[in-house]
Amino acid sequence: MSTTSYSAVTALTRTTRLLPHRADWSNLRPGRDLTAGVMVGLVALPLALGFGASSGMGASAGLVTAIVAGAVAAIFGGSRVQVSGPTGAMTVVLLPIIAVHGPDGVLIVGLLAGLILIGLAYARAGRFIRYVPVPVVEGFTIGIAVIIALQQVPAALGVDVEAEKVLVLAGRAVDAWAAQPAWVPLGFAAGVTVLVLAMTRFMPVLPGALIGVVVATVANSLFGLGATTIGHIPTGLPTPAFPTVPWSDLDALILPAVAVAALAALESLLSATVADAMSVDQRHDSDRELFGQGLANLAAPLFGGIPATAAIARTAVNVRSGASSRLASLTHAMVLLVIVLVAARWVGEIPRAALAGVLIATAAQMVRVSSLTALLRSTRGDAAVLAITAIATIALDLVTAVLIGLVVAGFFALQQTARSARLEQVPLDETDHSDEELSLLDEHIVAYRLDGPLFFAAAHDFLLELADVTRVRVVVLRMSRVSAIDATGAHVLADTITRLENRNITVLLSGVQPHHERVLRQLGVYTGLAHERHLFATTPEAIAHARLHASRIAHSPTD
């Protein structure tokens, strides 16, 4: 076979693998999926409007993006439960683009980013998400949350100011409000923020954001409070049209397109990973997710939409609402389309301050205090990576912040490896249980010995190998030879234990070193164990307990 023919066959094979197939709908449960889709659609409405307005393209652009990109990504994406649309992280990237190149520049950037994402899918680049450490992700998320909140300050205070940097923007908004206070917008923003946070805490089954927006809109209209509204929303989707931009500007748009594509890939794959962790029977395809997001970003600009990514918050709502197939995400897009067709006039009456309150509440919910506290207490390196990434996200652009976080994380990983590296001669005596491990398979028990450092790069492979264990009742993890462990390694270990326990596979740990125990406890590894007594000082004690447990299961009436 010639090189040309081989390349053509390879391209065709990869294309076939990236396209939808019948198995995508194997988990279809119409009742639960339709209910989840309606719920996500109601939650997504104020978010789509708010992020569209924050991007500078207008609230209607946010709705169009949620409808078009949401539907395309639902069909072609790599996750069955992922929900896509406009996000706060993307609006942060788009603001400087629209300031320099205008609306058509943003649309061209979206198209170019879509092509880049499709190229990444064909290059099978999805697997590289495993190399992003948890502290980088958390720092990135915290930085985005701060930026989203600061962006809403002008709308929340009812003032109109402009600035390229969000810190300057918020400062100017406060100065303008102090010179001429406007209490109605501030009241709407504060009230909606408190309502959304309270309902999320005490009544999570209800769409708090939608309720808050409806209450504020009705109050503003009935009592003539005069709060600025988001304005006219066109009825229906606009006619598809290719955006125009001078060819001379294309060179200047390539770098922003790369940044948008990188952000879309990062946020979408992280969201898919979160969705997998929330659902035991879900496993996304990273390359198909990149392909689906690429097609979504090709389609949305043709209708006047902005670049889109998967939305972690909306995906979480989808999973918690019982979604099990792509029908839920499609339903979310259809719900928004119906709203645009029949209720556009009322949507245009929503006060901007109310949407600001929704986004401020969203930003607050993005920061998980327990996870943040655990990372800050785990190791100095993890705390430093988190803080540096968060600060860089706020002060610089998002892609640069992630690159800085990866470099800093790599530095601490290499430093920790150098400190823990040592050469030991291990005698083959009674402490070596390799022969015994082979015989344990007949008793539905498997023992794994973890050697060396459990870091963010190696931890993912460990998860894939261990999470696919089948036909066993007990897994013994021998930890005595783990030389070092970071936050991501502990996080992956905790996720692995949870997955195995959810499949009724008991997990036992043996030989955890004292200086690793604090990190494992702080990051929730032990909470995934069925019982605290599933920790053992030595491997023989763990294997004895495993045999007792497996025997008890084998002789139970329900087995």
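Residues numbered from 1 in each chain as written. Predicted model: local features only at pLDDT ≥ 70, side-chain atom pairs only at ≥ 80, totals over all residues. Heavy atoms only, no water.

Caption draft 1: Layout of the overall build of the chain. When helices and strands are tallied, the chain shows 22 helices and 8 strands. Looking at the chain alone, contacts between residues at least 24 apart form 84% of all its contacts between residues at least 6 apart. Surface exposure of the chain reaches about 25200 Å², of which carbon and sulfur atoms provide 64%. (Helix = DSSP H or I, 4+ residues; strand = E, 2+ residues; numbered from the N terminus. Contact = heavy atoms within 4.5 Å. Areas by Shrake-Rupley, 256 points an atom, 1.4 Å probe, with all protein chains shown as cover.)

Caption draft 2: Layout of the pattern of salt bridges. Scanning the entire structure with this criterion turns up 6 salt bridges. In this structure, R288 engages D24 in a salt bridge whose closest nitrogen and oxygen atoms are separated by 2.9 Å. You can see R288 sitting in helix α11 (residues 286–302) and its partner D24 sitting in the loop between α1 (3–18) and α2 (30–55), a full 264 residues away along the chain. The class for R288 is buried, based on a relative accessible area of 4%. Linked by salt bridges that have partners in common, R17, D285 and D287 make up one network. (Salt bridge = Lys/Arg side-chain N within 4 Å of Asp/Glu carboxyl O. Buried < 20%, exposed > 50% of the residue type's maximum accessible area, 1.4 Å probe, protein only.)

Caption draft 3: Representation of the packing of aromatic side chains in the model. On inspection of all chains with the given rule, the structure shows 3 aromatic pairs. Where W177 meets W183, the ring centres are 5.0 Å apart and the plane angle is 85 degrees; that geometry is what we call edge-to-face. W177 sits in the buried class, given a relative accessible area of 16%. Positioned above the aromatic ring of W346 is the side chain of R345, whose terminal nitrogen or guanidinium carbon lies 4.4 Å from the ring centre. (Phe/Tyr/Trp six-rings, centres within 6.5 Å; stacked < 30°, edge-to-face > 60°. Lys NZ or Arg CZ within 6 Å of the ring centre and 35° of its normal.)

Caption draft 4: Examining the packing of α2 against helix α13 (residues 326–347) more closely. As a packed pair, α2 and α13 sit with axes 7 Å apart at the nearest point and diverge in direction by 45 degrees. One way to sum up the angle between α2 and α13 is to call them oblique. Note that α2 runs across α13; the crossing there is right-handed. Of α13, the residues touching α2 (which contributes P30, D33, L34, A36, G37, V38, V40, G41, A44, L45 and L49) are L327, A328, T331, H332, V335, L336, I339 and V347. (Axes fitted to C-alpha atoms, helices over the stretch in contact; angles between N-to-C directions. Parallel < 35°, antiparallel > 145°, perpendicular 65-115°, else oblique. Left-handed = near helix turned anticlockwise from the far one by under 90°.)

Caption draft 5: How the structure looks around the packing of helix α5 (residues 134–151) against helix α15 (residues 369–378). Axis separation between α5 and α15 bottoms out at 11 Å; the angle between their running directions is 130 degrees. Considering the angle they form, α5 stands oblique to α15. α15 is crossed by α5, and the crossing has left-handed handedness. Each of V134, P135, E138 and I142 in α5 lies in contact with α15, whose residues at this interface are S371, L372 and L375. Residues that form the contact of α5 with α15 fall into these classes: 5 nonpolar, 1 polar and 1 charged. (Nonpolar A, V, L, I, M, F, W, Y, C, P; charged D, E, K, R; others polar.)

Caption draft 6: Structural detail: helix α21 (residues 514–522). Along α21, the residues that are buried comprise H516, V519 and L520. Down the axis of α21, the smallest arc covering the buried residues is 100 degrees, so these residues share one side. Where α21 is buried, its residues meet α15, β6 (482–485) and α20 (487–502). Immediately beyond the C-terminal end of α21, within one or two residues, lies G524, with a positive phi of roughly 80 degrees. (Arc of directions from axis to C-beta.)

Caption draft 7: Looking closely at the nonpolar core. Residues L49, L63, I230, I233, V260 and L398 are the most contacted members of the largest nonpolar core, which totals 97 residues. Among the elements that line this core, the one with the most residues is helix α4 (residues 88–122), at 16 residues. Every residue in contact with L63, bar those within four places of it in the chain, is listed here: L45, A48, L49, I233, L336 and V340. Within the second largest apolar cluster, 31 residues are counted, among which are A374, A390, V472 and V482. (Core = buried A, V, L, I, M, F, W, Y, C linked by side-chain atoms within 4.5 Å.)

Caption draft 8: Representation of the layout of surface pockets in the model. Of the volumes computed, that of the second largest pocket is approximately 1400 Å³. Counting residues per element, the lining of the second largest pocket draws most heavily on α4, which supplies 9 residues. (1 Å grid on protein atoms, 1.4 Å probe; cavity = no way out; pocket = protein on both sides within 12 Å on 5 of 7 lines; lining within 4 Å. Points joined across faces, edges and corners; volume = space filled by probe spheres on them.)

Caption draft 9: The pairing of strand β7 (residues 506–510), seen in detail. In terms of residue burial, β7 counts as a mostly covered element, since 5 of its 5 residues are buried. Covered by surrounding structure in β7 are T506, L508 and S510 together with V507 and L509, the residues of both alternating faces. Note: strand β5 (residues 474–478) against β7, 5 bridges, orientation parallel. Bridging across to β7, V474 finds its partner in T506. The pairing of β7 with strand β8 (residues 535–536) spans 2 bridges and is parallel. Each bridged residue has a counterpart across the sheet, and for S510 the counterpart in β8 is F536. (Pairing = 2+ DSSP bridges.)

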